[in-house]
Structures are given as C-alpha cells and as structure tokens.
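Report on the structure
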Amino acid sequence: MQTLRYVLEQAQRNGVAIGHFNIADSVQLNAVFAAARELNLPVVIGVSEGEREFIGVRQIAALVRSLREEFDFPVFLNADHTHSLPKAVAAANAGFDAIVFDLSALPVEENVRQTKEAVGALKSIKPDILVEGEIGDIGTGSEIHDVAPDLSKGLTTPAEAKDYVESTGVDILAPAVGNMHGMLKSMVGGQTKKHLDIPRIAEIKSAARVPLTLHGGSGTDDEHFRRAIAAGINIVHINTELRVAWRRGLEQGLAKQPQEVVPYKVLPPAADAVKHVVRSRLRLFNEARGQRANARSPQTLSQASER
Ligand SMILES: [Zn+2]
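Keep in mind it's a predicted model, so treat the numbers as computed, not measured.

Once that is clear, we can look at the side chain of Arg 200. Considering the arrangement of structural elements, one finds Arg 200 in helix 9 (residues 198-208). Here the side chain of Arg 200 touches Thr 156 through a polar contact of 2.8 Å, landing on its backbone oxygen. Contacts of Arg 200, omitting those with residues within four sequence positions, involve Leu 155, Thr 156, Thr 157, Ala 176 and Val 177.

What follows is about helix 2 (residues 26-39). Taking 1.5 Å per residue as the helical rise, helix 2 with its 14 residues ought to reach 20 Å, and the 20 Å between its terminal C-alpha atoms agrees with that figure. The secondary structure elements touched by the buried residues of helix 2 are strand 1 (18-22), strand 2 (43-47), helix 4 (57-71), strand 3 (75-82), helix 11 (240-256) and helix 13 (268-285). Where helix 2 starts, the residue carrying a side-chain oxygen 3.1 Å from the main-chain nitrogen of Val 27 turns out to be Asp 25.

Further remarks concern the environment of Leu 41. Position of Leu 41 relative to the elements: it lies in the loop between helix 2 and strand 2. Using a relative accessible area of 9% as the deciding quantity, one classes Leu 41 as buried. Taking the C-alpha atoms as reference, Leu 41 lies 21 Å from Ala 24; in sequence the two are 17 residues apart. Among all residues touching Leu 41, those that are not within four sequence positions of it are Ala 36, Phe 73, Leu 282, Asn 286 and Arg 289.

Let's shift gears to the side chain of Thr 115. Position of Thr 115 among the secondary structure elements: in helix 6 (residues 108-125). You can call Thr 115 buried: its relative accessible area is 0%. In terms of polar contacts, Thr 115 uses its side chain to reach the backbone carbonyl oxygen of Asn 111, at 2.6 Å. Aside from chain neighbours lying at most four places away, what touches Thr 115 is Phe 101, Leu 103, Tyr 164, Thr 168 and Val 170.

Where burial is concerned, most of strand 1 is hidden: five out of the five residues are buried. Alternating residues of strand 1 divide into Ile 18, His 20 and Asn 22 and Gly 19 and Phe 21, and every residue in both groups is buried. Where strand 1 and strand 10 (residues 233-238) come together, four bridges link them in parallel fashion. Considered in strand 10, the bridge of Gly 19 is made with Val 236. Sheet analysis places strand 1 next to strand 2, joined by four bridges and oriented parallel. Counterpart to Gly 19 in the pairing with strand 2 is Val 43.

So, about the layout of surface pockets. Taken as a whole, the largest pocket encloses approximately 460 Å³ of empty space. Those elements giving two or more residues to the lining of the largest pocket turn out to be strand 3, strand 10 and helix 11. Residue classes in the lining of the largest pocket are distributed as five nonpolar, 19 polar and seven charged.

Scanning all chains against the criterion turns up three aromatic pairs. Where Phe 225 meets Phe 285, the ring centres are 5.1 Å apart and the plane angle is 70°; that geometry is what we call edge-to-face. Placement of Phe 225 in helix 10 (residues 222-231) and of Phe 285 in helix 13 is noted, with a sequence separation of 60 residues between them. Put simply, the rings of Phe 33, Phe 71 and Phe 73 pair up and form one aromatic cluster.

Time to look at the nonpolar core. A general tendency of soluble globular proteins is for nonpolar side chains to be buried together. Ranked by internal contacts, the top residues of the largest apolar core, which has 67 residues, are Val 32, Ile 60, Phe 96, Leu 173 and Ile 201. Looking at which element gives the most residues to this core, the answer is helix 13, with seven residues. Look past the residues within four positions of Leu 173 in its chain and what remains in contact with it is Glu 132, Gly 133, Ile 135, Ala 161, Tyr 164, Val 165, Ile 204, Ala 208, Val 210, Pro 211, Leu 212 and Thr 213. Within the second largest apolar cluster, 12 residues are counted, among which are Val 7, Val 16, Ile 18 and Ala 98.

For the rest of this paragraph, the subject is empty space enclosed by the protein. Tallying each qualifying case throughout the model produces one cavity of 30 Å³ or more. Its boundaries defined by the atoms lining it, the largest cavity holds a volume of some 50 Å³. Around the largest cavity, the lining residues are Leu 4, His 20, Val 44, Asn 78, Ala 98, Glu 132, Ile 172, Ile 235 and His 237. Here the lining of the largest cavity is built from residues that sort into five nonpolar, three polar and one charged.

Criteria and cut-off values
- Residues numbered from 1 in each chain as written.
- Predicted model: local features only at pLDDT ≥ 70, side-chain atom pairs only at ≥ 80, totals over all residues.
- Heavy atoms only, no water.
- Helix = DSSP H or I, 4+ residues; strand = E, 2+ residues; numbered from the N terminus.
- Polar contact = N/O pair within 3.5 Å; in protein donor to acceptor, adjacent residues only side chain to side chain.
- Contact = heavy atoms within 4.5 Å.
- Expected span 1.5 Å × (residues − 1).
- Buried < 20%, exposed > 50% of the residue type's maximum accessible area, 1.4 Å probe, protein only.
- Pairing = 2+ DSSP bridges.
- 1 Å grid on protein atoms, 1.4 Å probe; cavity = no way out; pocket = protein on both sides within 12 Å on 5 of 7 lines; lining within 4 Å.
- Points joined across faces, edges and corners; volume = space filled by probe spheres on them.
- Nonpolar A, V, L, I, M, F, W, Y, C, P; charged D, E, K, R; others polar.
- Phe/Tyr/Trp six-rings, centres within 6.5 Å; stacked < 30°, edge-to-face > 60°.
- Core = buried A, V, L, I, M, F, W, Y, C linked by side-chain atoms within 4.5 Å.

Put into structure tokens, the structure is as follows:
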C-alpha cells in the first residue's frame, strides 16, 4: 500500500497536486471516494476539529482505513487545522496519516516552539505521520463571508518559511500566498475568483524545499490553480465549494420528494453534487499528468481535446 509521503513525492515529480477534501459524514466521504476512484487518483480526506467532533475521531479513521483496505486504494486521512497537542495526539493515536498543526494565530516564536514539540511528540506515536505547519494569515472558517478580510499583511515571506521549516522540522508547509478560507458571496455565484501570488509560491518553494499545501482553494481561478501547482503547490484544500454543493443537493433532494422520509432516497442528490465538484477539481489538479501521458501516447490526443 502506498504511503502519503510516496504519493506526495510522485505528485512533485509529475507536477500535479493531490486533492484534499473536507467531509463531516459518511455521505460526503463516500462521494469524495467515488470520484477519486472513478478517476483513479489518490485523494486526502480532511476533517477539521469541528468535523472530527461530529463524525468521531476513531470512527472516521476506521472508515477511511476500511476503504483503503477493501479497494486497495490510496485514500489518506488528515487532521485539518488542529489547534492543540492533545487533539493532535488523539488523531495520531487513531491512525491519521497527517496532521495540520495550526498555531498560526500565535506569535511566530511561540508557533515555532510549540510546533517543534508537537512534531517530536507525534512522530514518537506514529513515525511515518506527516506534520504540516502553518505561518501567515489565511483567515478562518470555510463558510460564505459577507466581507473580504484584509489578509495582505499576513502573507508568508520566503525567509520566514525557510526559518520555520528548519526550526520546527515540519514535513509540509501551509503558506499564506493570497489564499483565503471560505468564499465571498460573489465567488459562490462565480462573478469573482480568488487570485494567488504565484511568484511568492515559487520563492517559498525554493527557500523551504518541502511540499506545500494551498488552503482555502474554493473559488480560486482555474488558471491560478494551474500556475500555483507548477510553482510548487503539492496539496490543494477544497472545503467551502463542497459545503455549498452539499447544501444545494440536499435542498434538491428534499424538494423533489416532499413526502419522502427514507434517508438513502433523499440524500443521493447531495452526494452527487459533492461528487461532481470533487471530480472537476481532481481533473484540474492532475491536468499535468494527463498532458505528460498524452505526450507519450498519441492515441489519447482525442481524449485530451475533450477535456
Ligand atoms: Zn485550511
């Protein structure tokens, strides 16, 4: 069975990014997994502290493990935005593949001190666990925001990134590069898109020399995604887009069958809506892989033009 570290190295080599999708129940989990399996692409399931509390830390670990084993498929589990060591330890004990240890709200010296401690503690529980650290400000809440927060002062610099990675020993870095958690109303409707600071990503990558995660990917311009991945982003987080799709799908399912009380008859439109978003995002994040394959085998060119 492939490890997350191996899949990350492959992604770096192929110039693609691994999709990371947040879920809070098994309907969403199965929808994300179905899309990944259909496309035969590795995938990371993310659960924030709130999402973990809802589904259960050991329960989601058991569900993801069972999918990985039954289908012999590279599906991984990440404890997204974990703000305390006890919660990180609980996830490591449950068998999570990765943990985002997020003390980015603290002064950077304190963030460094506590993150370094956490890396040691978590690796002593599970030596192959990947720990991701975060510096800079990318806002909070994968929700619909009325007003755009001013994150311009919280952008990560290449020097900070290098220092932080070297002093903490984190495996993966989540920088602030113009990304933002959540979406504005205008982004949900598609009138506006998030734009990223691509040169900054490339500079951080060459300074920090570790895999980079882009948080708050929902609502990002497609071309900026492509350029960010080419500049060194290896994992992309999508949450709000899935939440929006889930809600719309759920409303449809209820509206279409106003008398229905059977959950597995009401919920499929919600699952389909989530699956649709995951499929299209995974295709985009893995485009470079397709282009390389097409360059090698001319008979697949017609498929490429259909994209
Ligand atoms: Zn995030």
